Amino acid sequence: MQQTHTRPADSWSPLYFLASLGAGGLAVTFFMYLMFWVPHPGQPVPVFEDILAAFQSGSLAMQAAILVAVTGIAGFAFLNIRMLVWNLRQLSAFSKTEAYTRLMTSNAETTLLAMPLALAMTVNAMFILGLVFVPGLWSIVEYMFPAAMVTFAAIAYLAFRRIGAFLGRVLSEGGVFDVTANNSFAQLLPAFALAMTAVGMAAPAAMSTTPLTVGIALVLSIALGTIAGLYALVAAIVAVNSMLHHGTARESAPTLMVVVPILTILGIMMMRQEHGLHTTFEMHGGRADTLILTTTILAVQAVFLALGLLVLRRQNYAASFLTGPKNSAGSYALVCPGVALSVMLHFWINKGLVGAGLIAKFGVAYWGLTGLAVAFQVAMIALVFHLNRRHFGRGKGEAAGLRTA
C-alpha cells in the first residue's frame with residue numbers, strides 16, 4: 001500500500017509568501033554580476049545588447065560570469081513567479097476558512113502584508129527579466145515606466161488597505177492587540193512591504209530621461225520610503241519593550257534580522273533618487289556620499305545581524321526548525337537578511353569604495369570583498385533549497401515540488 005506524506009506547506013500560512021520573496025531576491029543577487037561587471041554605456045543598467053556584446057568580446061571569466069548570472073536570474077525568477085502563483089491560490093482558499101477569521105482578529109493579521117511584499121518583488125524580478133532577455137527593450141522603456149509606477153501604486157494601495165484595517169481595529173477597539181505576543185519584529189512586515197514598493201517606485205527616477213516621470217517617481221518613492229521608515233521605527237520600539245519583558249518568541253526569532261533587508265531596500269531607493277536628482281535636476285553630490293550612505297547602512301545591518309544570530313543560537317533555532325522535527329514558514333525570513341547583505345555589499349564595493357577611489361575595480365581588494373558578497377549569496381541559495389525540500393518535499397528521496405491545493 002502506498003504511503004501518503006503530508007508536507008509542512010500543506011498547513012499554509014501567509015508567511016509562505018516569503019518563499020517567493022527569497023527567490024526573487026536571489027535573482028537580484030545574480031543581476032548584480034551584470035550590473036557591476038558588464039559595461040553599459042548610455043543607460044544606468046545593463047540591457048540585452050550590453051550583455052551580448054560583453055559575452056562576445058569578453059574573456060573566458062567574463063563569459064562564465066554572464067552564463068552564471070543569466071542562468072541564476074532565469075531560474076530564480078521562475079521560482080519566484082511559481083511560488084507567488086501557488087501562494088495566491090493558497091490565500092484564496094485560506095480566506096474562506098475559519099482559520100482566516102481567527103487570523104484577522106489576532107496580531108498575526110499583519111502577516112497578510114507578505115502578499116503585497118511578494119507582489120512588489122515579482123514586479124522587480126520581471127523588470128530584470130526584461131532587461132536581460134528582451135532585445136530592444138530600452139527603446140520603449142519610457143513607455144514602461146508609467147505603467148510600472150501605476151503597478152507599484154496599486155500594490156502600495158493594497159498594502160495601505162491591509163495596514164489600515166489592522167491599525168483601525170487595534171487602535172479603535174482597544175484590548176485586542178496582545179502586547180505579550182509582540183515579542184519579535186514580526187510587526188515590521190508592513191514596513192517591509194511599503195519599502196519594497198518604494199524602491200520599485202524609485203526605479204524610474206534613476207532610469208528615466210523624462211523630467212515629469214522622474215519627478216513623480218521621486219515624490220511617490222520619497223513618500224512611501226518615509227512612511228515605511230516611520231512605521232518600522234515605531235513598530236521596532238514597541239516590539240523591543242515586549243521582548244525585554246517576555247524574551248523573543250522562539251518561532252519568530254528570525255524577524256530580528258528583518259531590519260537588514262528593509263535597510264538595503266531603502267538604501268537602494270535613496271541611491272536611485274540621488275541618481276535622478278543628479279541626471280535630471282542637476283543636483284550634484286560629492287564622490288563620498290554613496291560611500292557614507294552604504295557604510296552607515298552596513299554598520300546598522302551588522303548590529304541587527306549579530307543580534308539575530310545571537311538569539312537564534314541561544315534558542316537553538318536551527319536544531320528545532322532547520323534540522324530538527326519542527327517546521328515554520330517563518331524560517332523563510334532567514335533568506336532575506338543574507339540576500340540583502342549580498343546586494344548591499346555589491347553597492348558598497350562598487351558605488352562606495354570604487355566610486356570614492358579607495359580601491360581599484362577588479363583589483364585584489366575588490367575581488368576579496370566581492371567574494372564575501374558571493375559567499376552570502378551561495379549560502380542563501382543553499383538555504384532556499386534546504387527549506388524547499390523540508391516544506392515542499394513529498395517524502396524521503398522525492399524531489400521537492402509544488403502543488404496547488
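Residues numbered from 1 in each chain as written. Predicted model: local features only at pLDDT ≥ 70, side-chain atom pairs only at ≥ 80, totals over all residues. Heavy atoms only, no water.

Time to look at the layout of surface pockets. In this structure, the second largest pocket occupies an estimated 650 Å³ of space. In this structure, the second largest pocket is lined by 38 residues; those nearest its centre are Leu15, Thr111, Ala186, Ser252 and Thr255. Of all the secondary-structure elements, those providing two or more residues to the lining of the second largest pocket are helix 7 (189–207) and helix 12 (335–353). The class makeup of the residues in the lining of the second largest pocket is 23 nonpolar, 14 polar and 1 charged. (1 Å grid on protein atoms, 1.4 Å probe; cavity = no way out; pocket = protein on both sides within 12 Å on 5 of 7 lines; lining within 4 Å. Points joined across faces, edges and corners; volume = space filled by probe spheres on them. Helix = DSSP H or I, 4+ residues; strand = E, 2+ residues; numbered from the N terminus. Nonpolar A, V, L, I, M, F, W, Y, C, P; charged D, E, K, R; others polar.)

Okay, the packing of aromatic side chains next. Counted according to the given criterion, the structure contains 20 aromatic pairs. Note on Tyr16 and Trp86: the rings are 6.1 Å apart at their centroids and 85° apart in plane angle, and the pair reads as edge-to-face. Of this pair, Tyr16 sits in the segment before helix 1 (17–37) while Trp86 sits in helix 3 (residues 60–94), and the two are 70 residues apart along the sequence. Each of the two residues, Tyr16 as well as Trp86, counts as buried. Put simply, the rings of Phe30, Tyr33, Trp37, Phe76, Phe362, Tyr366, Trp367 and Phe385 pair up and form one aromatic cluster. (Phe/Tyr/Trp six-rings, centres within 6.5 Å; stacked < 30°, edge-to-face > 60°. Buried < 20%, exposed > 50% of the residue type's maximum accessible area, 1.4 Å probe, protein only.)

Even without being a glycine, Asn316 presents a positive backbone phi close to 55°. By the secondary structure assignment, Asn316 is in the loop between helix 10 (289–314) and helix 11 (317–322). In this structure, Phe362 is a non-glycine residue whose phi angle is positive, near 70°. Tracing the backbone through its elements, the reader meets Phe362 in the loop between helix 12 and helix 13 (364–392).

Turning our attention to helix 8 (residues 211–246). With 36 residues, helix 8 extends 51 Å between its outermost C-alpha atoms, agreeing within 8% with the 52 Å of an ideal straight helix rising 1.5 Å per residue. Where helix 8 terminates, the next one or two residues include Gly247, which has phi positive at roughly 75°. (Expected span 1.5 Å × (residues − 1).)

The subject of this paragraph is the pattern of salt bridges. As enumerated under the stated definition, the model contains 2 salt bridges in all. Between Asp10 and Arg7 there is a salt bridge, with the nearest N and O atoms lying 3.1 Å from each other. A relative accessible area of 30% places Asp10 in the partly exposed class. Linking Arg169 and Glu109 is a salt bridge whose minimum nitrogen-to-oxygen distance equals 2.8 Å. Note that Arg169 is positioned in helix 6 (residues 141–173) and Glu109 in the loop between helix 4 (98–103) and helix 5 (114–133), a separation of 60 residues in sequence. Across this residue pair, the class does not change: Arg169 and Glu109 are buried. (Salt bridge = Lys/Arg side-chain N within 4 Å of Asp/Glu carboxyl O.)

What is shown is where atoms sit, not what they do.
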